[in-house]
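So you can see what is in the structure, the chains are spelled out below.
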Amino acid sequence: MRRSRRAALAVCLILAIAAPPGAALAQTVDELYASGVKARQAQHFDEAADLFRRALALKPDNADALVQLGFAELGRDNLPAARQAFSRALSLAPTYRDASFGMAEVEFRSGNPDAALPLAEKVAQADPGNADAAALVENIRKAKQAAGSEAKRAPAVPARAKKPASRRPDPFAGLMEQGRRLRAAGKLPEAETVYRRALRQAPKNTDILVALGLVVGSSRRFDEAGHFFDRALAIKPGLLDARLGKVRLAIWQGDAPRARALVDGVLASAPDNVEALDLDARIALLEVDYRRARQSFQRVLAADPRNADALVGLGDVRRAEGDDDAAREAYRQALAIEPGSAHVEQRLAVPPPRKWRLDLGGEVSDLTDGLGDWTDSSAGLAYRLSPRTTISGRARLATRFGHTDVQVEGRIDQVFSPAFSAYALAATTPDADFLARYSIGAGASWQLVAPAKAFGPLSLNIDARYDNFANTNVTSISPWVQGYVLDGRLGLSARWVHVQDDIGTRADGYVLRADLAVTQRFNLFGGYADAPEISNGTLVPTRTVFGGISWNVSDPLTLRASIAHEQRPTFDRSIFGLGLTARF
C-alpha cells in the first residue's frame, strides 16, 4: 500500500513538472479567486482586495476577478478603485450584470443618482428576481425625490461649480477589521473589547451588534449573545446575519429543535444562502439525520466547490456514518484548500475508531459470621455495528456457598437520536443453583435538558427486568434521573428501585450516586443504597455504601477498582473488585 502511494505521488510530481505553464497558472488564479471570494464574504475586505489583485496580476482580463475586486473596494469605501475595477470588467464584458450593478452602487455613493438609476434599472429589469438590484433602484428613487423636495424648499443661490460628493470613510471599519482578526485568532476577550468600543460610538450599528453576539456566544454567555442579536433585529427586522447568529447560538447550546425551527425560517426566505445551508447541515448532524446533512453540504459545494467548511462537514457526516476512510479524504481536500487549518488537522489526527470493546471484571466478597467468601467474575465483548448500534455478549461465573453458576447474556444498544437511546437484553443460566434460570430486560434514556453553561445534560432513565428462578419469578423496575454540573465534571444520579415477586411480595428502595472527573484520565465515584437485593429469588433488604476509581491509562485502556460494604439482616458483606476495559 505504501509503495503504491509513493508511486502515485511520484507520478503526480512528474505530471506537475511536465504540465504546460498555462495549466499551472489557471490553477493558481482559481485558488486566489476562491480565497478572495471567501475573504470578501467574511468582510475581510483588505485581504480580499489583495487576493484579487494577485489573481489579476496573473490573468489581467479576468472579468470575474475584476468584479469581485470592485465589491471588495466598495467594502473598503474606496470608490475610485471600485469604479476602475467595474469599468475594466464592463470593457471586457459589456453585458456583465454584476459589473453594472457595482457601477450603479459607485455612482449612487458618489452622489450621482441620475447616472446610477439607469444602470440599476437595467439590472433589475434583466433579472426581476434580483432583490439587491430592486432595493438599489428604490433607494436611488427615494434619494432623488428627497433631493427634489429639498431643492424646492431651498432659496435660490448663484450657480457655482459643484464638487463631486463622496462618502466619508466609515470610522468603524478599522475597529471592525481589528475585531474580526482577533476573533479569527481565537482572542475572544480582546475582540469583545474592540467591538464594545465600536458599539459605544455607534450603538445602532447592526454589524457591530451581530459581531458582539458571535463573540459573546463563542464565550458561552448565551443569554447576553441573544440580547445582542435581538437588538440588531429590532433595528433591522429580518436582518439575515442576526437571524443566522441566533441559529448558531441554538447550535452552541445543543438545542437542536430550536435551531431547526430558526434555520428553516431563514431557508424559507433565502433557500440558496450558503451559510444557512451549512448551518442546516450542522443541525441535521445533531439530529442524526445524515442524509439531510449530506444533501445540504453537497448543495453548498455545488455553489462553491472550494468551500473548505462544507468539505469538513461532509467529512463529519461520513465519520458519523462509520466511514472513516471517506471522512479522511474529505478532510484532506479541505486541508488542500486551507493549508495549516487547525480544526482540519485536529480531525485528521483523530485515530481510526475502535469498534471492539473487551470488559473484564472480578469481585471477591468477604462474609461475616464465618460464612466464607463469594466470588463473581465476568468477561464481556462488544462490537459497534454502526455509530448507532452496538451488540455485546457477556459470560458470568459466580460462586455461593460451594455452588457455581455460569450465566450467558446478550445485549443490543440502539441510539435513535442524540436525546434518546434504548437497550434490550436476554440471559440464561444452564442448571442454575442460585442465579435466575433466564432473564429478560430493557431500558431507555431520554435527555430532557441539553448542556448549557456550567450545567451538563439532564436525563431521565428507566431499567426493567424479569428474572425466572426455580421457585419464583421476580420483576424489577427502576426509574432514575441523572444530571451533570461543573461543566460536566460532576455527575449526580438518584434511582428508585421497585421489586415484586409472583406471590405479591414487594420491596422498594433507592440508590444515590456521584461521579467526579478529577482529571481528564482519573475519575472517582461513590454512593449509598437502601434497596432490596435479589438472592436466589428472595428479596433481601440491604444497605450499601460503595465507591471506586477509574484510570484511563491510555485511549484504548481503562483500569477500575471498587469497594463496597453491605448490611443484610443475617450477615454483612465486604466486596472488593477490579476490572479493565480495552478498546481495539
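The rules we used
- Residues numbered from 1 in each chain as written.
- Predicted model: local features only at pLDDT ≥ 70, side-chain atom pairs only at ≥ 80, totals over all residues.
- Heavy atoms only, no water.
- Helix = DSSP H or I, 4+ residues; strand = E, 2+ residues; numbered from the N terminus.
- Buried < 20%, exposed > 50% of the residue type's maximum accessible area, 1.4 Å probe, protein only.
- Contact = heavy atoms within 4.5 Å.
- Areas by Shrake-Rupley, 256 points an atom, 1.4 Å probe, with all protein chains shown as cover.
- Polar contact = N/O pair within 3.5 Å; in protein donor to acceptor, adjacent residues only side chain to side chain.
- Expected span 1.5 Å × (residues − 1).
- Arc of directions from axis to C-beta.
- Salt bridge = Lys/Arg side-chain N within 4 Å of Asp/Glu carboxyl O.
- Patch = residues over 30% accessible without salt bridge, like charges linked within 9 Å, V, L, I, M, F, W, Y side chains within 5 Å.
- Phe/Tyr/Trp six-rings, centres within 6.5 Å; stacked < 30°, edge-to-face > 60°.
- Lys NZ or Arg CZ within 6 Å of the ring centre and 35° of its normal.
- Axes fitted to C-alpha atoms, helices over the stretch in contact; angles between N-to-C directions.
- Parallel < 35°, antiparallel > 145°, perpendicular 65-115°, else oblique.
- Left-handed = near helix turned anticlockwise from the far one by under 90°.
- Nonpolar A, V, L, I, M, F, W, Y, C, P; charged D, E, K, R; others polar.
- Core = buried A, V, L, I, M, F, W, Y, C linked by side-chain atoms within 4.5 Å.
- Pairing = 2+ DSSP bridges.

Asks: How should I be thinking about the overall build of the chain in this particular structure?
Replies: Scanning the chain for helices and strands turns up 19 helices and 14 strands. Among the 584 residues that make up the chain, the fraction classed as buried is 36%. Long-range contacts, defined here as pairs at least 24 residues apart, represent 44% of the contacts in the chain between residues at least 6 apart. Total accessible area computed for the chain in this model is approximately 32,100 Å², and 57% of it derives from carbon and sulfur atoms.

Asks: Would you mind showing me how to read the side chain of Glu107 here?
Replies: On the secondary structure map, Glu107 appears in helix 6 (residues 97–109). On the basis of relative accessibility, which here comes to 12%, the residue Glu107 falls in the buried class. Here Glu107 is in contact with Arg83, Asn112, Pro113, Ala115, Ala116 and Leu119, once residues within four sequence places are set aside.

Asks: Just checking my understanding: could you explain the environment of Glu566 for this structure?
Replies: Within the fold, Glu566 resides in strand 13 (residues 557–567). A relative accessible area of 5% means that Glu566 is categorised as buried. In this structure, Glu566 is in contact with Glu533, Thr542, Arg543, Thr544, Asp572, Arg573 and Ile575, ignoring residues within four places of it in sequence. A distance of 3.0 Å separates a polar atom in the side chain of Glu566 from a polar atom in the side chain of Arg568.

Asks: Which parts of the structure should I look at to understand the side chain of Glu192?
Replies: As for its position among the elements, Glu192 is in helix 10 (residues 188–201). Residue class for Glu192 comes out buried when judged on its relative accessible area of 10%.

Asks: Would you take a moment to explain helix 3 (residues 45–58) for this structure?
Replies: Residues spaced three or four apart along an α-helix face the same direction, because each turn holds 3.6 residues. With 14 residues, helix 3 ought to run about 20 Å at 1.5 Å a step, and its terminal C-alpha atoms sit 20 Å apart, in line with that. Among all positions in helix 3, only Phe45, Ala48, Ala49, Leu51, Phe52, Ala55 and Leu56 are buried. For helix 3, the angular spread of the buried residues around the axis is 165 degrees, confining them to a single face.

Asks: What exactly am I supposed to notice about the pattern of salt bridges here?
Replies: A side chain of one charge can pair with a side chain of the opposite charge if their charged atoms are brought near each other. Tallied over the full model, the rule gives 33 salt bridges. For Arg357, the salt bridge identified is with Asp359, shortest N-O distance 2.8 Å. Note that Arg465 is salt-bridged to Asp467, the shortest N-O span being 3.0 Å. Through salt bridges that share partners, Arg260, Asp264, Asp280, Glu287 and Arg292 make up one connected network.

Asks: So what exactly am I meant to see when it comes to a nonpolar patch on the surface here?
Replies: A contiguous nonpolar patch, built from Phe416, Phe420, Trp446, Leu448, Val449, Leu458, Leu460 and Val481 and spanning about 680 Å² of accessible area, is present on the exposed surface. For the nonpolar patch, the secondary-structure elements that each account for two or more residues are strand 6 (438–449) and strand 7 (458–468). Mapped onto the elements, Leu458 comes out in strand 7.

Asks: Mind showing me how you'd approach the packing of aromatic side chains here?
Replies: Aromatic ring pairs are defined here through the distance separating the ring centres and the angle between the ring planes. Summed over the entire model, instances satisfying the criterion amount to nine aromatic pairs. Plain terms: the ring middles of Tyr510 and Tyr528 are 6.3 Å apart, the flat faces sit at 50 degrees to each other, and that makes the pair tilted. Here Tyr510 is found in strand 10 (residues 506–517), whereas its partner Tyr528 is found in strand 11 (residues 522–535), with 18 residues between them in sequence. We classify Tyr528 as partly exposed; its relative accessible area is 30%. Cation over ring: Arg411 sits above Tyr423, and NZ or CZ is 4.0 Å from the ring centre. A cation over a ring is seen here: Arg513 above Phe525, with NZ or CZ 4.3 Å from the ring centre.

Asks: Looking at this structure, I do not really get helix 4 (residues 63–75). What am I missing?
Replies: The terminal C-alpha atoms of helix 4 lie 19 Å apart, and with 13 residues this matches the ideal 18 Å at 1.5 Å per residue to within 8%. Counted residue by residue, helix 4 has eleven buried out of 13 residues, so it is predominantly covered. Phi turns positive one or two residues past the end of helix 4, at Asp77, with a value near 65 degrees.

Asks: Any chance you could explain the packing of helix 6 against helix 7 (residues 113–126) here in plain terms?
Replies: For any two helices packed against each other, one specifies the crossing angle of their axes together with the interaxial distance. In contact at an axis separation of 8 Å, helix 6 and helix 7 are set at 150 degrees when each is read in the N-to-C sense. Overall, the two elements helix 6 and helix 7 adopt an arrangement that is roughly antiparallel. Between helix 6 and helix 7 lies a crossing whose hand is left-handed. Contact residues: Arg97, Ser100, Phe101, Met103, Ala104, Glu107 and Phe108 in helix 6; Pro113, Ala115, Ala116, Leu119, Ala120, Val123 and Ala126 in helix 7.

Asks: Hey, could you run me through the packing of helix 5 (residues 79–92) against helix 6 in this one?
Replies: In contact at an axis separation of 9 Å, helix 5 and helix 6 are set at 150 degrees when each is read in the N-to-C sense. Classified by the angle their axes make, helix 5 and helix 6 are roughly antiparallel. As for the relative orientation of helix 5 and helix 6, their crossing is left-handed in sense. On the side of helix 5, the interface is formed by Leu79, Ala82, Arg83, Phe86, Ser87, Ala89 and Leu90, while helix 6 contributes Asp98, Ala99, Ser100, Gly102, Met103, Val106, Glu107 and Arg109. The residue inventory of the contact of helix 5 with helix 6, partitioned by class, reads eight nonpolar, three polar and four charged.

Asks: Before we go on, may I ask you to explain the nonpolar core in this structure?
Replies: A general feature of soluble globular proteins is that nonpolar side chains tend to end up buried together. Among the nonpolar cores identified, the biggest contains 36 residues, and Leu74 and Phe86 are the most heavily contacted of them. Ranked by the residues each element gives to this core, the list is headed by helix 4, at seven residues. Counting 33 residues, the second largest nonpolar core, distinct from the first, contains Val263, Ala281, Leu285 and Ala308.

Asks: Even after reading the chapter, I still don't get the pairing of strand 14 (residues 572–583), so can you show me in this structure?
Replies: On a regular strand, one side chain projects to one face of the sheet and the next to the other, so that they alternate. Two strands pair when backbone bridges link them, and strand 1 (residues 356–367) and strand 14 are joined in this way by eleven bridges, in the antiparallel orientation. Bridged to Asp366 within strand 14 is Ser574. Bridge count between strand 13 and strand 14: eleven bridges; the pairing is antiparallel. Within strand 14, the residue paired with Ser562 across the bridge is Gly577. Taking the residues that link successive antiparallel strands as the turn, the strand 13-strand 14 hairpin has four residues.

Asks: What is the right way to read unusual backbone geometry from this model?
Replies: Across the chain, the bulk of peptide bonds are trans and the bulk of non-glycine residues have phi less than zero. Of note in this structure, Arg220 is not a glycine but carries a positive phi near 70 degrees. In this fold, Arg220 is placed in the loop between helix 11 (206–218) and helix 12 (222–235). Judged by relative accessible area, which is 38%, Arg220 ranks as partly exposed. Unlike most non-glycine residues, Val288 shows phi in positive territory, near 60 degrees. Looking at where Val288 falls in the secondary structure, it is placed in the loop between helix 15 (274–286) and helix 16 (290–303).

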